[in-house]
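A structural walkthrough
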Amino acid sequence: MRFSVGFLSLIALAVTAQDTNVRTVKRTFDAANIPTDLSITFDPTALLEVTFPEPNARPITIHAGQQLPRDSTAGPPTLNLRGSNSRGPFVVAAVDPDAPTPQEPTSAQIRHFLGGNFTPNGSGLLSNSTPALSEFRQPTPPAGSDAHRYIFLVFEQPDGFNDQTVVTPATPVQNFDISAFADAVGLGNPIAGTFMLVAPAA
């Protein structure tokens, strides 16, 4: 069963404090039916903070399930990994499983970001030492659609990842499958993640 938009709206309204507990993030993912819709096992061991710069306001750090106006998601965002004992490298992916609409996701998943070789600095801020396979794409849900889920995931990077050819910068971003990609290149399960809801621009 796909997620309930009305129920997700309640989640978005209820999430007001910064994510501080991986169990809470996991419950929010489960309530939004993300593990089922992405065919992944999501049992996070760390917290991912995704922060969007705002030209005339303070940056916005999203909380799992929070809804943002499309105008606030131009990005690219900064990524901060908290609570992980690993020094990386990591692979980061962002996908939209609701394109073109949650009711008929015939183009899903849209790959909104995919990059490897991320390592944290002393405070957990992630930076990558190589170009992304897919640069960040701003959410663009079409007019008339319900809000889409935009899901960010962090994986431990396996040896040999830089030699994979499953996805290249020339690979179409639509009809991506993060679970199949993870299996093909040996990513395993994500260690952290978060997501936001974005509706079409008014």
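You'll find the structure just up there.
Report follows, based on the coordinates. (Residues numbered from 1 in each chain as written. Predicted model: local features only at pLDDT ≥ 70, side-chain atom pairs only at ≥ 80, totals over all residues. Heavy atoms only, no water.)

Where burial is concerned, most of strand β9 (residues 192-198) is hidden: 7 out of the 7 residues are buried. Both faces of β9 are covered, namely the face carrying Ala192, Thr194, Met196 and Val198 and the face carrying Gly193, Phe195 and Leu197. Across 3 bridges, the pairing between strand β3 (residues 66-68) and β9 is parallel. Each residue of the ladder has a partner; that of Gln67, found in β9, is Leu197. (Buried < 20%, exposed > 50% of the residue type's maximum accessible area, 1.4 Å probe, protein only. Helix = DSSP H or I, 4+ residues; strand = E, 2+ residues; numbered from the N terminus. Pairing = 2+ DSSP bridges.)

Before going further, it helps to spend a moment on the environment of Phe136. Within the secondary structure, Phe136 sits in the loop between β7 (126-128) and β8 (148-156). Separated by 59 residues in sequence, Phe136 and Pro77 have C-alpha atoms that sit 8.3 Å apart.

Moving on, we get to the nonpolar core. Of all hydrophobic cores here, the largest spans 28 residues; its most connected members are Leu153, Ile178 and Phe181. For this core, the elements supplying multiple residues, two or more each, are α2 (22-31), α3 (34-38), β5 (90-96), β8, α4 (178-185) and β9. Top element by residues in this core is α4. It accounts for 4 residues. When near neighbours in sequence (up to four residues on either side) are disregarded, Leu153 contacts Phe29, Leu38, Ile40, Phe42, Val91, Val92, Ala93, Ile178, Pro190, Ala192 and Gly193. (Core = buried A, V, L, I, M, F, W, Y, C linked by side-chain atoms within 4.5 Å. Contact = heavy atoms within 4.5 Å.)

Read across the open sheet, the 3 strands follow the order β2-β1-β4; overall the sheet is antiparallel. Only two strands of the sheet have a single partner each, and these edge strands are β2 (60-61) and β4 (78-82). Taken together, the 5 bridges between strand β1 (residues 47-52) and β4 define a ladder with antiparallel strand orientation. The residue of β4 that forms the bridge with Thr51 is Thr78.

For α4, the set of buried residues is Ile178, Ser179, Phe181, Ala182 and Val185. Projected onto a plane normal to the axis of α4, the buried residues spread over an arc of 165° and lie on a single side. Opposite its buried face, α4 presents the exposed residues Asp183 and Ala184, each directed more than 90 degrees away. Looking at the buried side of α4, the elements it contacts are α3, β5, β6 (110-120) and β8. Structurally, the start of α4 carries an N-cap: the backbone nitrogen of Ser179 is 3.0 Å from a side-chain oxygen of Asp177. Where α4 ends, the next residue or the one after it, Gly186, has phi of about 80°, a positive value. (Arc of directions from axis to C-beta. Polar contact = N/O pair within 3.5 Å; in protein donor to acceptor, adjacent residues only side chain to side chain.)

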